[in-house]
Amino acid sequence: VETTKQQLSDAAATSLDLSFIENELAVSLQQSEFNACIAHQVEKIMAKIAETVSAANVRAQDITAIFYTGGSSKVPVIRQTINAMFPHAEIVQG
């Protein structure tokens with residue numbers, strides 16, 4: 001499953017290997033389907049970011065840089081959503 005997530009960071013579709021359930025079992029997965037599956041988690045991430053920015057008493061436009069680190073930060077829908085919240089921030093990859 002982790003490999004599939006990584007592949008969908010760079011491709012529109014991939015095959016999800018489920019051979020650990022049944023020998024030779026695999027399903028095709030589109031990036032849009034993956035995005036739909038994680039939409040609730042992305043919403044929770046964005047709510048936590050908004051809460052953190054508010055608690056720091058700053059505005060989104062005051063954020064000058066975003067430092068991405070970790071595997072999930074490479075998921076396109078997560079990056080796109082965060083980048084949209086901070087459109088003027090410089091993006092740094094860790």
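Everything quoted here is computed from the prediction, not taken from an experiment.

This paragraph deals with the overall build of the protein chain. In terms of helices and strands, the protein chain carries three helices and four strands. For the protein chain, the succession of helices and strands along the chain, N to C, is α-β-β-α-β-α-β. Taking 94 residues into account, the globule formula puts the C-alpha radius of gyration at 12 Å, and the protein chain, at 16 Å, lies well above it. Projected onto its principal axes, the C-alpha positions of the protein chain cover 55 × 20 × 20 Å. Summing over all exposed atoms, the protein chain offers an accessible surface of approximately 6400 Å²; the carbon and sulfur share of this is 55%.

With that settled, the discussion passes to helix 3 (residues 76-85). Pro76, Val77, Ile78, Arg79 and Ile82 are the residues of helix 3 that are buried. Along its buried surface, helix 3 packs onto helix 1 (2-8), helix 2 (31-55), strand 3 (65-68) and strand 4 (90-93).

Turning our eyes to something else, we now look at the environment of threonine 81. Assignment of secondary structure puts threonine 81 in helix 3. The class for threonine 81 is partly exposed, based on a relative accessible area of 27%. Sequence spacing of threonine 81 and leucine 18 is 63 residues, and the spatial spacing of their C-alpha atoms is 29 Å. Excluding residues within four positions of it along the chain, threonine 81 makes contact with Val42 and Met46. A polar side-chain atom of threonine 81 sits 2.6 Å from the main-chain carbonyl oxygen of valine 77.

Positive phi is not limited to glycine here, since glutamate 24 has a value of about 65°. With a relative accessible area of 72%, glutamate 24 lands in the exposed category. Positive phi, close to 60°, is recorded for asparagine 57, a residue that is not glycine. Topologically, asparagine 57 is positioned in the loop between helix 2 and strand 3. We classify asparagine 57 as exposed; its relative accessible area is 69%.

With that settled, consider helix 2. Each α-helix winds once per 3.6 residues, and so residues spaced three or four apart point in a common direction. The end-to-end C-alpha distance of helix 2 is 33 Å, a good match for the 36 Å that 25 residues give at a rise of 1.5 Å each. Those residues of helix 2 not exposed but buried are Phe34, Ile38, Val42, Met46 and Val53. Considering only its buried residues, helix 2 is in contact with helix 1, strand 2 (26-30) and helix 3.

Bringing the pattern of salt bridges into the picture now. Inspection of every chain in the model, using the stated rule, returns three salt bridges. Where glutamate 2 meets lysine 5, a salt bridge forms, and the shortest distance between an N and an O atom there is 3.5 Å. Here glutamate 2 pairs with lysine 5, and both are found in helix 1, just three residues apart, close to one helical turn. Residue classification places lysine 5 among the buried residues on the basis of a relative accessible area of 16%. Glutamate 51 serves as the salt-bridge partner of lysine 48, at 3.5 Å between the closest nitrogen and oxygen.

Rules used in this analysis
Residues numbered from 1 in each chain as written. Predicted model: local features only at pLDDT ≥ 70, side-chain atom pairs only at ≥ 80, totals over all residues. Heavy atoms only, no water. Helix = DSSP H or I, 4+ residues; strand = E, 2+ residues; numbered from the N terminus. Rg over C-alpha atoms; globule rule 2.2 N^0.38 Å. Areas by Shrake-Rupley, 256 points an atom, 1.4 Å probe, with all protein chains shown as cover. Buried < 20%, exposed > 50% of the residue type's maximum accessible area, 1.4 Å probe, protein only. Contact = heavy atoms within 4.5 Å. Polar contact = N/O pair within 3.5 Å; in protein donor to acceptor, adjacent residues only side chain to side chain. Expected span 1.5 Å × (residues − 1). Salt bridge = Lys/Arg side-chain N within 4 Å of Asp/Glu carboxyl O.

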